[in-house]
Amino acid sequence: MITQISSNFYRITSRMPYRLRHVHAYLLAQDKNLALFDTGLNTDGALAALEVDLQSVGLNIRNIRQIYLTHVHTDHCSMAGLLQKMTGAKVSLSAQAFEEYRHYRKADEAVKQARSFYARHGMTPLEIDAIIDEFEDIRGIITEFDADELLEDKQVCKFGSTQFEVISTPGHAGGHLCFFFPREKFLLAGDHILPYIAPSLTPNIFDEDYRPLTTYLKSLGKIENLNCAEIHPGHGNSLSSVNERIAEIRAHHEQRKNYFSRFLNNAPKTARALAQKIFGEDLPDFEKFLALNETFVYLQDLKAEGAISENMEGNVFVYAAL
Ligand SMILES: [Zn+2]
């Protein structure tokens, strides 16, 4: 589905089988030339649907000259390779996002890293196998692309007569970018700010010192300081109460972190055991993985604040209240 949001801007919505149900890509048309911001999910028929969407507003998929990616999660980037091959479009993203993409293409390394990371946080080999299967499925969907340009924070890009600024907003994903259009005063936010849910935060399995929550909250601050009138997110409706939404997301994390900390006492627990106490035992495999990720994110911050201890017992990390 394609919706015109201003004279030369369009939102392209595609359905997806995951819990968020749909994802938005955005399109800037400059005469015949097109720049696509994110690509949607590479499902059967997605490319044909995009072609039909563009035709319905008199645009041609073959005129996509540029693809800008907010981050390399499947639902945002998995058609980049297909489109690049078909149209010769240039692909631009952050260096860190490209690095992440390359990590996941080197399957053996990512699998090895994921196994050791989740084992150290108390997951069983069977649970880890289930996560690896998910990783493999996801990896298969992302079509291979080349990066033509690595975007940097505050870089000003120009497409035709439209200028926009790159804003580095790590947190939801390590190399996440937003794109700010100062004249129109709107922000293409990817998954940095969403209207209904707080964007998920995940550990970096290649860097255990990376603190997703602290990093994310700092990146929220960057948007608070923009003169931004409207946010066009990767999922859900556009929103205009930008700073109110940011305050809500901050409050959500504060509340959640406090809630998680209440489950810790002086008996050391693994992140997995804590997640099980908080989320229950009977979760599907993928939900277990999400529960552990969320738990780990808050534990990382509580540890950095000096509220809890982290120790290695045997081969697993355990956490206790201080
Ligand atoms: Zn995402």
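Residues numbered from 1 in each chain as written. Predicted model: local features only at pLDDT ≥ 70, side-chain atom pairs only at ≥ 80, totals over all residues. Heavy atoms only, no water.

**Digging into the overall build of the protein chain**
Then, in step 1: Helix and strand counts for the protein chain come out as 10 helices and 14 strands.
Then, in step 2: Against the compact-globule benchmark of 20 Å for 322 residues, the protein chain has a radius of gyration of 20 Å, which places it among compact chains.
Then, in step 3: Principal-axis analysis of the C-alpha atoms gives the protein chain an extent of 65 × 40 × 30 Å.
Then, in step 4: By residue count, 51% of the 322 residues in the protein chain fall in the buried class.
Then, in step 5: Sequence separation of at least 24 residues holds for 65% of the intrachain contacts in the protein chain that already meet a minimum separation of 6.
Then, in step 6: Positive and negative side-chain charges in the protein chain, numbering 33 and 42 respectively, have mean positions lying 3 Å apart. (Helix = DSSP H or I, 4+ residues; strand = E, 2+ residues; numbered from the N terminus. Rg over C-alpha atoms; globule rule 2.2 N^0.38 Å. Buried < 20%, exposed > 50% of the residue type's maximum accessible area, 1.4 Å probe, protein only. Contact = heavy atoms within 4.5 Å. Lys, Arg positive; Asp, Glu negative; His and termini not counted. Charge placed at Lys NZ, Arg CZ, Asp CG, Glu CD.)

**Structural notes on the coordination of the zinc ion**
Working reference: metal with six octahedral donors, ideal angles 90 or 180 degrees; metal with four tetrahedral donors, ideal angle 109.5 degrees.
Then, in step 1: Looking at the metal site, the zinc ion is ligated by His71 (NE2), His73 (ND1), His172 (NE2) and Asp191 (OD), spaced 2.1 to 2.3 Å from it.
Then, in step 2: For the zinc ion, the 4 donor atoms in the first shell make angles of 91 to 173 degrees at the metal, so the coordination geometry reads as irregular.
Then, in step 3: Of note, the donors binding the zinc ion are all from one chain and are spaced H-x1-H-x98-H-x18-D. Highlighted residues: His73 in the loop between strand S5 (64-68) and helix H2 (74-77) and His172 in the loop between strand S9 (162-168) and strand S10 (177-181), separated in sequence by 99 residues.
Then, in step 4: For His73, a relative accessible area of 23% corresponds to the partly exposed category.
Then, in step 5: For His172, a relative accessible area of 5% translates into the label buried. (Donors = N, O, S within 2.8 Å, 3.2 Å for Na, K, Ca; no water. Tetrahedral: all angles 85-135°; square planar, octahedral: opposite > 155°, others 65-115°.)

**Some remarks on the pattern of salt bridges**
Then, in step 1: By the definition in use, this model includes 13 salt bridges.
Then, in step 2: Glu127 is the partner of Lys288 in a salt bridge, and the nearest nitrogen-oxygen pair spans 3.5 Å. Of the two residues, Lys288 is situated in helix H10 (residues 285-304) and Glu127 in helix H6 (residues 125-141); the sequence distance between them amounts to 161 residues. For the pair formed by Lys288 and Glu127, the shared burial category is buried.
Then, in step 3: When the shortest N-O distance is used, the salt bridge between Glu184 and Arg183 registers 3.7 Å.
Then, in step 4: One network of salt bridges, with partners in common, ties together Glu127, Arg272, Asp285 and Lys288. (Salt bridge = Lys/Arg side-chain N within 4 Å of Asp/Glu carboxyl O.)

**Quick word on the packing of aromatic side chains**
Then, in step 1: Summed over the entire model, instances satisfying the criterion amount to 22 aromatic pairs.
Then, in step 2: Here Phe37 and Phe164 contribute two aromatic rings whose centre-to-centre distance is 5.4 Å and whose plane-to-plane angle is 75 degrees, an arrangement assigned as edge-to-face. Pair noted here: Phe37 is in strand S4 (residues 33-37) and Phe164 is in strand S9, with a separation of 127 residues, a long-range link.
Then, in step 3: You can call Phe37 buried: its relative accessible area is 2%.
Then, in step 4: Linked through ring pairs, Phe9, Phe37, Tyr68, Phe164, Phe179, Phe181 and Phe186 together constitute an aromatic cluster. (Phe/Tyr/Trp six-rings, centres within 6.5 Å; stacked < 30°, edge-to-face > 60°.)

**Digging into the pairing of strand S8 (residues 156-159)**
Two faces, one strand: in a regular strand the side chains alternate between the faces of the sheet.
Then, in step 1: Side chains Cys157 and Phe159 project from S8 onto a buried face, and the interleaved Val156 and Lys158 project onto a face without burial.
Then, in step 2: Taken together, the 4 bridges between S8 and S9 define a ladder with antiparallel strand orientation. Its bridge partner being in S9, Cys157 is matched across the sheet by Phe164.
Then, in step 3: Adjacent in sequence and paired antiparallel, S8 and S9 are bridged by 2 residues, among which Gly160 carries a positive phi angle near 60 degrees. (Pairing = 2+ DSSP bridges.)

**With respect to the packing of helix H5 (residues 107-120) against H6**
Then, in step 1: Taken N-terminus to C-terminus, the directions of H5 and H6 make an angle of 150 degrees; their axes are 10 Å apart at the nearest point. Relative to H6, H5 is oriented roughly antiparallel. With respect to the hand of their crossing, H5 and H6 are arranged in right-handed fashion. Touching Ala107, Val111, Ala114, Arg115, Tyr118 and Ala119 of H5 are Ile128, Asp129, Ile131, Ile132, Phe135, Glu136 and Arg139, all from H6. (Axes fitted to C-alpha atoms, helices over the stretch in contact; angles between N-to-C directions. Parallel < 35°, antiparallel > 145°, perpendicular 65-115°, else oblique. Left-handed = near helix turned anticlockwise from the far one by under 90°.)

**Some details on the nonpolar core**
Then, in step 1: In terms of nonpolar packing, the biggest core is built from 44 residues, with Tyr118, Leu187, Ile223, Ile231 and Tyr319 touching the most fellow members.
Then, in step 2: In terms of residues, this core owes the most to one element, H10, which gives 7 residues.
Then, in step 3: Excluding anything up to four places from it in sequence, Leu187 contacts Ile167, Cys178, Phe179, Phe180, Ile223, Leu226, Cys228, Glu230, Ile231 and His232.
Then, in step 4: Among the nonpolar cores identified, the runner-up in size contains 29 residues, and Ile12, Leu27, Val72 and Val91 belong to it. (Core = buried A, V, L, I, M, F, W, Y, C linked by side-chain atoms within 4.5 Å.)

**A few points about the pairing of strand S12 (residues 230-233)**
Then, in step 1: Here strand S11 (residues 186-190) pairs with S12 via 4 bridges, running parallel. Within S12, the residue paired with Leu188 across the bridge is His232.
Then, in step 2: Between the parallel pair S11 and S12, the chain is carried across by helix H7 (residues 212-224), and the sense of this crossover is right-handed. (Right-handed = clockwise from strand over helix to strand, strands pointing away.)

**Description of the environment of Glu313**
Then, in step 1: If you trace the backbone, Glu313 turns up in strand S13 (residues 308-313).
Then, in step 2: Setting aside anything within four residues of it in sequence, one finds Glu313 in contact with Pro268 and Val318.

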